[in-house]
Amino acid sequence: MNAKTSMPLRQSKKPALQKPAATASTKRQFANASASHEPTENIPGEFESYGKVTCIRDDGLYLRNFVDGIPGKFVRVCDDLWPQSMICNEDGTHRAYLIKFKNQTGEWVTREIPVEAFIDEKTLHKTLLKAGFGFALTESSKAAFVIKVFVEHACPIDKTGIRSRSPGWQMLPDGSSGYIQNGIVYGGASEKFVLHASPGQKLPQQSVGRKKEFLALMRLLKRDALAVLVVCAAFASVLLRPTGQSSKALFLIGTSSIGKSILLKLASAIFSTIDKVMTWSGTDNGFEAHLAEHTDKPFVVDEVGQSNGRQFSHLAYRLLNGASKLRANPNGQAQSSVNTRTVLISAGEQSPFDLMRQAGLTIQKGQEARLIPIPVQENYGVWSCLDEFANGAEKSAEVLKRLPGLQAIAVKGFCRKVIPEIDDLAVTFENVASDLADELRGDIVIDPNDNVPERVLQSFALFAYAGLVAAHHEILPWTERRIMGAIRKCYALWHTEYQRNQPIKDDALLMPVRAFLQSQRGNKFKPLKQWHEDSAGVVAGYEHVLRKGEPVFLIHPPYFEKHLRGDHEAKAVLQALRKAGYLIEGPRGVPTLQVHLPGTDKRKSSFYAVRRSILLN
């Protein structure tokens with residue numbers, strides 16, 4: 001992988017996992033039993049060790065003694081047992097033999113027997129008894145020895161089992177990198193490994209449905225920009241680590257009953273099932289534990305409004321920084337802190353920033369760059385077009401009807417084709433990311449002093465790239481033009497919403513005041529000493545020179561609030577005038593100034609006093 005990538009997919013290799021060696025005098029021999037009293041069915045071979053031979057058939061493991069080189073009778077040691085494979089954690093630790101055998105009640109079970117138990121016969125005998133193993137031979141040491149020899153020689157060496165603990169990118173026991181998803185190991189030397197459930201866990205359900213049916217649904221949605229965005233963002237979660245990207249978060253924001261939850265179910269079905277969508281009402285602990293289970297895959301959460309603004313702010317920043325403080329998993333079991341990478345996809349009637357503002361929080365630039373709210377402004381709810389449907393509700397119902405039969409079928413094909421070439425794809429993204437961003441930016445002019453739009457644009461570039469990769473491998477039936485057009489449209493929606501929520505700069509607030517004074521000075525203002533004279537059309541205020549010799553505009557407050565503030569709040573414009581030094585305030589910081597009217601003894605009137613120097617800038 002290119003040296004610029006922050007987290008290389010390939011790392012220095014660890015020593016390959018080795019099967020425990022047999023004793024020096026032990027050698028494997030293959031022969032068929034011939035005497036009539038000997039077992040003759042399903043005998044794969046005999047193992048000679050210290051003059052003892054073992055053989056296996058469908059009713060158990062047998063031992064045969066040799067006396068003066070003459071084979072004796074077979075003695076049954078135990079019921080049938082078969083070593084399935086070696087098994088270990090993703091990092092190669094805690095090695096064990098995975099053995100299938102009949103327990104003491106006659107049921108077939110599969111158990112892990114640690115490699116350490118094979119150190120001596122006594123330890124192995126105790127370990128097997130604890131696992132429910134039934135011995136037919138009363139001599140425990142001899143029976144354990146026979147089992148030890150058989151397991152060490154008969155255990156398959158073509159594949160090593162990996163305990164299922166975490167999804168996503170993992171370092172495999174041989175030092176290569178692989179991607180674990182839905183009980184399958186992809187990439188690297190994945191052909192050497194098979195996934196097994198950890199004790200007390202079950203492997204995820206495999207994919208359901210056919211690729212043809214998934215492609216048909218995607219063709220139905222090809223003109224729906226938000227659907228294209230959600231699907232591409234889901235695939236992008238696999239590319240986060242290889243491309244050195246941090247977590248992303250998309251939020252579809254709009255009124256209720258317009259189909260937002262349907263798109264969340266669509267995103268969930270890409271990798272899992274539609275019932276895996278959780279809500280923000282989960283506890284802080286439980287939420288983080290669920291997120292750890294969605295590392296390197298999309299994490300779909302509905303109902304943003306169920307979150308407390310302050311809790312959401314803290315939680316989102318912590319998770320999207322890549323580290324979560326796991327205290328409990330969804331089953332209440334303690335877990336250690338882990339690094340998480342995900343594309344969080346959520347929806348609600350309020351954006352996360354709305355909740356933060358309501359809680360009185362100041363929104364940070366880092367949050368704006370990572371939490372990406374997209375306003376839903378399509379023609380028919382979340383749908384850009386209806387196709388053959390009468391309304392958006394009918395289209396939503398059709399999509400929802402198809403999704404349960406298409407769970408995880410898309411990611412299966414994506415992983416099979418994309419993971420083996422992930423290193424090259426990561427380098428390619430680094431080379432094309434800038435070009436993708438330029439195309440997605442379109443005609444949008446980005447303030448060079450604000451890095452948030454560019455950072456968000458990089459996230460959209462990754463979404464687009466994931467979609468293009470999936471389309472190249474025929475996982476998606478969309479053209480490059482269709483994908484880029486949809487992602488560009490969604491970025492424009494985000495940028496418009498982002499600009500709308502940004503604090504207005506002081507120059508923009510001052511512009512209506514300056515423009516009015518420059519253009520209307522001659523006919524809307526007159527000298528203050530003429531205040532008592534009637535003058536048609538002169539209603540804005542007066543020009544005057546204060547005692548200290550400073551020329552000012554005296555503007556009637558009602559006229560200012562109606563004609564000089566533009567589209568901005570009067571309070572914001574006055575604050576900008578104050579900060580720029582153009583507003584002369586009254587006592588105790590009040591915005592109006594009491595001015596004596598010439599020709600009267602004590603009569604005064606209140607004005608906004610704006611320095612004439614505003615015209616010069």
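Bear in mind that the values here come from a model prediction, so they are computed numbers and not experimental data.

Observations regarding the overall build of the chain
Looking only at helices and strands, the chain features 17 helices and 26 strands. A burial count over the chain gives 51% of its 617 residues as buried. A fraction of 65% describes how many contacts in the chain between residues 6 or more apart in sequence connect residues 24 or more apart. When the accessible surface of the chain is summed, it comes to about 29,300 Å², and 49% of that surface belongs to carbon and sulfur atoms.

Observations concerning the packing of aromatic side chains
Applying the stated rule across the entire model yields 16 aromatic pairs. An angle of 45 degrees between the planes, with centres 5.1 Å apart, marks the rings of Phe429 and Tyr465 as tilted. Linking Phe429 in helix α12 (residues 422-441) with Tyr465 in helix α13 (residues 452-472), this pair joins segments that are 36 residues apart in sequence. Across the pair, exposure class does not vary: Phe429 and Tyr465 are buried alike. On the numbers, 5.4 Å between centres and 70 degrees between planes, the contact of Phe460 with Tyr491 is edge-to-face. Here Phe460 is found in helix α13, whereas its partner Tyr491 is found in helix α14 (residues 480-501), with 31 residues between them in sequence. By way of ring pairs, the aromatic residues Phe460, Phe463, Tyr491, Trp494 and Tyr498 are connected into one cluster.

Comments concerning the pairing of strand β16 (residues 297-302)
Most of β16 sits out of view: six of its six residues are buried. By the bridge criterion, two bridges tie strand β15 (residues 278-279) to β16 in an arrangement that is parallel. Its bridge partner lying in β16, Thr279 is registered against Asp302. Here β16 runs beside strand β19 (residues 342-348); their pairing, made up of five bridges, is parallel. Each bridged residue has a counterpart across the sheet, and for Val301 the counterpart in β19 is Ser346.

Some words on the sheet that holds β19
Sheet architecture is open: five strands sit in the order β15-β16-β19-β14-β20, paired in parallel fashion. The open sheet terminates on both sides in strands that have one partner only, identified here as β15 and β20 (371-375).

Let's talk about the sheet that holds strand β12 (residues 184-186)
Remark on secondary structure: sheet strands pair via backbone hydrogen bonds, oriented parallel or antiparallel. One open sheet accounts for three strands, arranged β10-β11-β12; its pairing is antiparallel. The open sheet has two free edges, formed respectively by β10 (168-171) and β12, since each of these has just one partner strand. In this sheet, neighbouring strand axes are inclined to one another by 35 degrees on average, regardless of whether the strands run parallel or antiparallel. By the bridge criterion, four bridges tie β10 to strand β11 (residues 177-181) in an arrangement that is antiparallel. Note on β11: the bridge partner recorded for Met171 is Ser177.

Examining unusual backbone geometry
Negative phi values dominate among residues other than glycine, just as trans dominates among peptide bonds. Its identity is not glycine, yet Glu303 carries a phi of approximately 60 degrees, on the positive side. Topologically, Glu303 is positioned in the loop between β16 and α7 (309-320). For Glu303, a relative accessible area of 35% puts it in the partly exposed group.

Calculation criteria
- Residues numbered from 1 in each chain as written.
- Predicted model: local features only at pLDDT ≥ 70, side-chain atom pairs only at ≥ 80, totals over all residues.
- Heavy atoms only, no water.
- Helix = DSSP H or I, 4+ residues; strand = E, 2+ residues; numbered from the N terminus.
- Buried < 20%, exposed > 50% of the residue type's maximum accessible area, 1.4 Å probe, protein only.
- Contact = heavy atoms within 4.5 Å.
- Areas by Shrake-Rupley, 256 points an atom, 1.4 Å probe, with all protein chains shown as cover.
- Phe/Tyr/Trp six-rings, centres within 6.5 Å; stacked < 30°, edge-to-face > 60°.
- Pairing = 2+ DSSP bridges.
- Axes fitted to C-alpha atoms, helices over the stretch in contact; angles between N-to-C directions.

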